[in-house]
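A look at the structure
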Amino acid sequence: MTGCTKQPDEQIYPYVKQPEDLVLGKPNFFATAHPFPTGAIPVLIKSQEYRPVKIDGNPEHPMSKGKTDLFTQATLLDLYDPDRSKHVIKRTMGQSINSDFSEFQTALLEQVQKTQGGQGVVFLSETVTSPTLAAQWKQVQAKYPGAKLVQWEPVNRDNARVASKAAFGEYTDAQYKLENADVILSLDADFLQSNAFPGFLPLSAAYAARHRYETGPDAKPMNRLYVVESMPTVTGAKAEHRLGLKPSDIDRFAAALIAGTGFSGNEDAQKYFTAVLADLKKSGSKAVVIPGEQASPAVHAAAYALNAQLGAVGSTVIYTQPVAEIPSEQFADLRNLVGAMNAGQVKALVILGGNPIYSTPGDLKFGEAASKVPFTVHLGSHDDETGARTTWHINQAHYLESWSDARAYDGSITILQPMIDPLYGGKTAHDVLQSLLENSGMSSFEVVQANSKTYIKGDAAAGWRKALHDGWVEGSAFEAKSGATARAATIPASAASGSGLELAFKADPGVYDGRYANNGWLQELPRQITHLSWDNAALVSLNTMTDLKLDETEMIELEIHGQKVKFPPLMVPGHPDGVVTVHLGQGRWYGRNAQFVGSDAYKLQSSSSPYLSTGLKITKTGEKHDLCVTSVHSMDQRGKAAQSDLDHPALNGNESLPGHEAMERSIIRTAPLAEVQKTPKYAHEGNLLRETPEKDESFFPDAWSYTKKDKSTGEMQYAWGMTVDLNSCVGCNACVVSCYAENNIPVIGREQVKVGRNMQWLRIDTYFEGDLHAPKAHFQPMMCQHCENAGCEQVCPVGATVHTPEGINTMVYNRCVGTRYCSNNCPYKVRRFNFLLYADYETESLKFMRNPDVSVRSRGVMEKCTYCVQRIEYAKIEADKEGRAVRDGEIVTACQQACPTDAIIFGDINDKNSRVAKLKAEERSYQVLADLNYRPRTSYIAGVTNPNPELETA
Amino acid sequence: MATKPISEPYRHPVNDPMIDPRTGEFAVIAPGHNFTSVTQKIANVVLTSHTPLGWFFGLIVAGGVASLLVVAITWLVLRGVGIWGVTIPGAWGFAIINFVWWIGIGHAGTLISAILLLFKQSWRNSINRFAEAMTIFAVVCAGMFPVLHIGRPWLGYWLLPLPNTMNIWPQFRSPLCWDVFAVSTYATISVVFWYIGMVPDFGTLRDKAQLPFAKWFYGILSLGWRGSTRHWMRYETASLLLAGLSTPLVLSVHTVISFDFAVAALPGWHTTVFPPYFVAGAIYSGFAMVLTLAIPIRKFYHMEDLVTLRHLDNMAKVMLGTGLIVAYGYGLEVFMAWYSASHWEWFMMWNRMFGPMGWGYWLLILFNIALPLGSLWWRKLRTNVAYLFAISIVINIGMWFERFVIVVTSLYRDFLPSSWGTYRATKWDYMLYVGTMGLFTTLFLLFVRFAPMIPMNEIKMMLPQTKIDGMNAEETVDEVA
């Protein structure tokens, strides 16, 4: 029937000369790195016909081991973003003219040469992690000694810089070795979320490795994580013991830890303090204290001192030179720059990346200051808020289009190589700086290659080739600074001392500082704790909500330092009282996805204390706002539901109904270590009603049998299965974004998400257990469970969802007529429906991005996780060609590949030696909703926590 | 119109001509009618050259409302079902609620025409025809929804077992596939039964018609009916056979539709009580709709002497009976939620009653159980026309809420709490629903104007003149029926 549909006519042009290494339909892989201010992420790009279609970690690089975070995954969409600026634009007399780069070079040179040795020329760059760019800057500085470089990013590491200078006498980065840590104390450090925290990939991997519950002689003991934080994060959710404190209290907590005296707080906090201090001391060099990058300098200083006291330096933490090539205190520099601009001292401002007119603190009024500079240049990927107000806008090349280099967390250098010719002829910061140097015609390739001789040891040509192939330059990682001991630093007083309601600023877990705000994948991604998507909110505690009588459907006005911005309030379980948290990065006014989303928190920020202010005033406006929250898909339900569900007789008036039900229904199974050791089958104890019925309880005991053997080879058939280790999953969302890229999942926009039509095939379910003032949180990645006795298959009237002999529940898209009955009968609600035409068939640039192995689904069709069937088939074909069975580990699903903590394992469960089969055989393995007899192929490994017995009863 | 309306009867068994002194029941047909008067009264509605202005007014209003349907369907086909409030988890919404509601309404017609015929309930004769018409128009409205609610309506024919080169068949385990058979069989049999029943009356109309076009039109429709004994014999046999065929359909169609829910594993759907309780609910709502239609029509066309209080009383009794079965069904659902000791069931019931959409459940209880079943025990109320009309509307709303409660409150909070959502219909949902009401009314108005709304032949059979002891009456059969 579907075969009768006439396909549209299209021309196919074969290569006249096919490139030697290209086989159409077979991907090539190239190593490069995603430059990020906290350190580059080494990646391996999957390239189909020389189009990058997927970004994954570089498996050979120790700082990635093949893993990625959500930002890195999502930069693929940035490359193909249709809103990218496509021209060099010159703005004079209120007119915008398309220009070209050489014209700009002449103009820039002319402008700079007019000055006396570059006096009044300022380069405003993002944090420089590229050795070549740093070298170029040094050349520029030598030629024009008056020129200045200001590095600045809205979410930066100033506080660590200030503290490290005080403690060590010079700027220093800390590298944590969590593989050695038995006890970890995080002071507002969200190191399990994303690369927003430096070294996220190695840290989360090491954390998860030590958080596995292992038995056997050489099993390492489980680590224990304490988190003291204000805004609840995934790290706090994973903690054995989390203490929610407002930011100023965290400073006090840190100070009390060094002093060793008590902590004056409520009873729970005091008890917590004593237990943590005792546990840290007990573990000594096997303990570590991690301060949050944006926590106050006092916290950093305390962490340096504590780690020194514990003897952790050299064991669980080492100090190295900074990843940033030219470390600086960015906000101070920015303030000076704005002062100079206002004083008319700046003759030319060259912005190399970033979007300062949008993302600078409101009190600086950067835009006004910049308008006083006669010659402004913006090198940026978008002609955005900043680009539109500069005299020159240069379209920046994406990192997948450019030559450059960058340092990773451990300092190792990766040479960035382009995957594709710049789509719109974009330029890099190298090109801009080179314009001012002798050989201004040198391409960035030549510049990088020339500079690489400074760090490639041995034969330059061979070393270059090897570095490009491997993805890093051997031996370029930093050594630990010997004898780096912290002096008893004078702790700068917390800037936010004083009483009153505090306002904390954090990078958004999805769009970071706003640079990803136009990235549909990241905008749409439900944030793990708040479940916000396409929105940001004033995040408050349950008490604040009730005390101030706020309503989640009604906007409130936040007023601080005379600045006012309206936000919708949102209750966050576990949020401390006395503080309101806002996420930066929304409220932009440029870009199809970024604009009209959320509120701009930068306007409230003050440059002197950018991450925390005191003296917040809240006024209710009476304006209605329908927040986009994915956990309960309607605000008028949620606002009331948060209260009305509390009426459920089992909830004690302060628990979340979904969280309570998740435990009641044995969806989440977890136990403390002591209980696990006592009853290894704890995941199944007392859950008799929640277990899969035995096969012989059925009239058809052979119904779900996958043990046929191939008649010709005698090989057992494949039975694909997956298992997810809830102990390892940190809920970082990397898998979800990876799934987006692999499976051509559409972005549907705010209005559609708001009514509950999210298209993510894989989602992270968060459940809050217990009292909403200080709940425990549990994450559960949820995707199609590929049930053997699948309800969806039985109810489809056209047989569009069927079972393969290998046990995969398959969607036949072109057979689907869209009755949605399958979704109704799916207890996991993992099926996703194209209620409208969600796939973008029009935008040219997005066509390049799509994975050619996965169909793009049209309107009216159901879709869902396929276990990455295209990867399974690819592996099977390869195995067939070699006349063998698929080996364990040969098939890696997209989510598994991205997972930084190795929580997702896929393989053949008929192969008793496969990792997945062994894990499924474990006593802790369980199936969600097993009692329904759907017989899911995906199982979960029950969680184990390692609580401190002293805090157990708390 | 043709005859003087009978004034409000004086309700005393001795004096009231409408009350049979022997049984104390209201008469099925008012005294004083003979064959001519019956024919005149019914045929005149069709053949009159003075169409009442009210009819035109009604048609314009109904047609206007029906045109919303065109708008709603056009936009739906252009944009997709995303214009509705359906979402995940509530993947079914108004379309399915309305489908079940309309199909349910249809059931009364078939029950009246088939089951009551087999049970020789001759009182049914006067309401039989328009109840059947109501069935067909309800099925027309209902039939649109399943096609429109699928994601790709132009491929809806894939649900039919059509031979094709790819050798792909529908998936016969799916209740939706059974629906296709159930509803299409039902629609076919109903149309045939309705039409066959009208053939003798079309013959009468042909004979009475004055206009050449009307003569030709009814001539074609009457299929050469001459009223010979052989015709009558075959007609009676066909009626009985079709009644026999329709009778199981009354039970089976809504049973199959209840399977759409009962076969799924969802708490709130996965219930064995659904088939009987759906059938009872269907008849309940169907009779309510018959009353909603009959009461204004009998008033407008002054048919109080043919559709008497006896009919209204009887229909109210049927509603009382089926309503009690429905109430039993609701009770049993609650009981089983407790007795099963299943957390799923218990939570579903708690959520249905006290969750964010609990208001739906209590409206349903009020409209379907409390108001009608509390009052229909009283003959006074059963024969109070205004009250009956009001209560019939209440039951129609209540039965709509029953389907709303089943579809929505089961879906929006199911197994995984992470996926709980809500449901909110959009203007397009309402437009389509209201549009089908317009279509239904339009079709019905056309029917009462162009077809005999009450079967003349069957009414005549109830006249005393056709009975043995009526042979002595002053008039005998002197015309072709």
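Please read these numbers as outputs of a predicted model, since none were measured by experiment.

**Notes on the overall build of chain B**
Regarding its fold elements, chain B presents 15 helices and zero strands. Taking 481 residues into account, the globule formula puts the C-alpha radius of gyration at 23 Å, and chain B, at 24 Å, falls close to it. Based on the C-alpha atoms only, the size of chain B along its principal axes is roughly 80 × 55 × 40 Å. Taken across its 481 residues, chain B has 49% of its residues classed as buried. If you take every contact in chain B between residues at least 6 apart in sequence, the share linking residues at least 24 apart comes to 80%.

**Digging into the environment of Phe30(A)**
Residues and elements named next belong to chain A. Residue position: Phe30 is located in strand β1 (residues 28-34). Under the C-beta neighbour-count criterion, Phe30 is labelled partly exposed, with 18 such atoms within 10 Å. Separated by 662 residues in the primary sequence, Phe30 and Thr692 have C-alpha atoms spaced 45 Å apart. Dropping the residues within four chain positions of it, Phe30 is found in contact with Ile45, Ser47, Gln417 and Met419.

**Quick word on the interface of chain A and chain B**
Each partner contributes residues to the interface: chain A has 50 residues there, and chain B has 45 residues. Listing elements by their share of the side of chain A that touches chain B, those giving two or more residues are α18 (635-644), α19 (657-664), β29 (763-769), α23 (791-795), α24 (821-824) and β33 (832-833) of chain A. For the side of chain A that touches chain B, the per-class residue count stands at 24 nonpolar, 17 polar and nine charged.

**Concerning the sheet that holds strand β26 (residues 617-624) of chain A**
Residue and element names in this part refer to chain A. With antiparallel pairing, three strands are arranged side by side in an open sheet as β22-β21-β26. Strands with a single pairing partner mark the edges of an open sheet, and in this sheet they are β22 (563-567) and β26. Each strand axis lies, on average, 25° off the axis of its neighbour in the sheet, ignoring direction. Looking at chain direction, strand β21 (residues 554-560) and β22 are connected through five bridges and run antiparallel. Bridge pairing links Ile556 to Phe567 in β22.

**Observations concerning unusual backbone geometry**
In this chain, Ile88(B) is followed by Pro89(B) through a cis amide linkage whose omega measures 15°. Looking at the element boundaries, Pro89(B) is found in the loop between α2 (53-79) and α3 (94-118). Phi is positive for Glu49(A), close to 50°, though the residue is something other than glycine. Here the phi dihedral of His531(A) falls at roughly 60°; this positive angle occurs in a residue that is not glycine. Summarising the element assignment, His531(A) is placed in the loop between α16 (520-524) and β20 (538-540).

**Section: the sheet that holds strand β28 (residues 720-725) of chain A**
All names here are of chain A. On the basis of which strands lie adjacent, the open sheet formed by four strands has the order β35-β28-β37-β36 and mixed pairing. Either end of the sheet is taken by a strand with one partner, and the two such strands are β35 (904-908) and β36 (925-926). Here five bridges tie β28 to β35, and the two strands are oriented antiparallel to one another. Residue pairing in the sheet places Trp720 in a bridge with Asp908 of β35.

**Notes on the domain arrangement of chain A**
Residue and element names in this part refer to chain A. Here chain A is described as being made up of domain 1 (173-320), domain 2 (502-629) and domain 3 (661-699 + 724-945). Distance between the C-alpha centres of domain 1 and domain 2: 27 Å. Contact with domain 1, which involves 17 residues of that partner, is made by 19 residues of domain 2. Listing elements by their share of the side of domain 1 that touches domain 2, those giving two or more residues are α6 (234-238), β11 (241-244) and α7 (247-259). Take the side of domain 1 that touches domain 2: its biggest share by element is three residues, from α6. Grouping the constituent residues of the side of domain 1 that touches domain 2 by class yields seven nonpolar, eight polar and two charged.

**Some thoughts on α7(A)**
Between its first and last C-alpha atoms α7(A) spans 19 Å; for 13 residues at 1.5 Å apiece the expected length is 18 Å, and the two agree. Turning to α7(A), its buried residues number three or more, namely Pro247(A), Ser248(A), Asp249(A), Ile250(A), Asp251(A), Phe253(A), Ala254(A) and Leu257(A).

**Concerning the pairing of strand β7 (residues 148-151) of chain A**
Residues and elements named next belong to chain A. As paired strands, strand β6 (residues 121-125) and β7 are joined by four bridges and run parallel to one another. In the sheet register, Ser125 faces β7, and the bridge partner there is Gln151. A crossover links β6 with its parallel partner β7, the connecting element being helix α3 (residues 131-143), and its sense is right-handed.

**Quick notes on the environment of Lys709(A)**
For Lys709(A), the location among the structural elements is in the loop between α20 (673-678) and β28. In this view, Lys709(A) contacts Gly714(A), Glu715(A) and Met716(A); residues no more than four positions away in its chain are not counted.

**Notes on the packing of helix α5 (residues 175-208) of chain B against helix α7 (residues 229-262) of chain B**
A pair of packed helices can be characterised by two numbers: the angle between their axes and the separation between those axes. Residue and element names in this part refer to chain B. Contact geometry of α5 with α7 gives a least axis separation of 9 Å together with a crossing angle of 155°. Overall, the two elements α5 and α7 adopt an arrangement that is roughly antiparallel. As for the relative orientation of α5 and α7, their crossing is left-handed in sense. Along the lines of polarity and charge, the residues of the contact of α5 with α7 split into 21 nonpolar, five polar and two charged.

**Focus: the nonpolar core**
By size, the foremost hydrophobic cluster in this structure holds 416 residues, and its most contacted members are Leu187(A), Val580(A), Ile103(B), Met134(B), Ala138(B) and Val290(B). Looking at which element gives the most residues to this core, the answer is α3(B), with 16 residues. Not counting chain neighbours up to four residues away, the residues in contact with Met134(B) comprise Gly109(B), Met289(B), Val290(B), Leu293(B) and Phe444(B). Ala337(B), Trp344(B), Phe347(B) and Met349(B) belong to the second-largest nonpolar core, a separate cluster that totals five residues.

The rules behind each value
Residues numbered from 1 in each chain as written. Chains lettered and ligands numbered in written order. Predicted model: local features only at pLDDT ≥ 70, side-chain atom pairs only at ≥ 80, totals over all residues. Helix = DSSP H or I, 4+ residues; strand = E, 2+ residues; numbered from the N terminus. Rg over C-alpha atoms; globule rule 2.2 N^0.38 Å. Buried ≥ 20, exposed ≤ 12 C-beta atoms within 10 Å, placed from the backbone. Contact = placed C-beta atoms within 7 Å. Nonpolar A, V, L, I, M, F, W, Y, C, P; charged D, E, K, R; others polar. Pairing = 2+ DSSP bridges. Axes fitted to C-alpha atoms, helices over the stretch in contact; angles between N-to-C directions. Domains from an automatic or database assignment. Expected span 1.5 Å × (residues − 1). Right-handed = clockwise from strand over helix to strand, strands pointing away. Parallel < 35°, antiparallel > 145°, perpendicular 65-115°, else oblique. Left-handed = near helix turned anticlockwise from the far one by under 90°. Core = buried A, V, L, I, M, F, W, Y, C linked by C-beta atoms within 7 Å.

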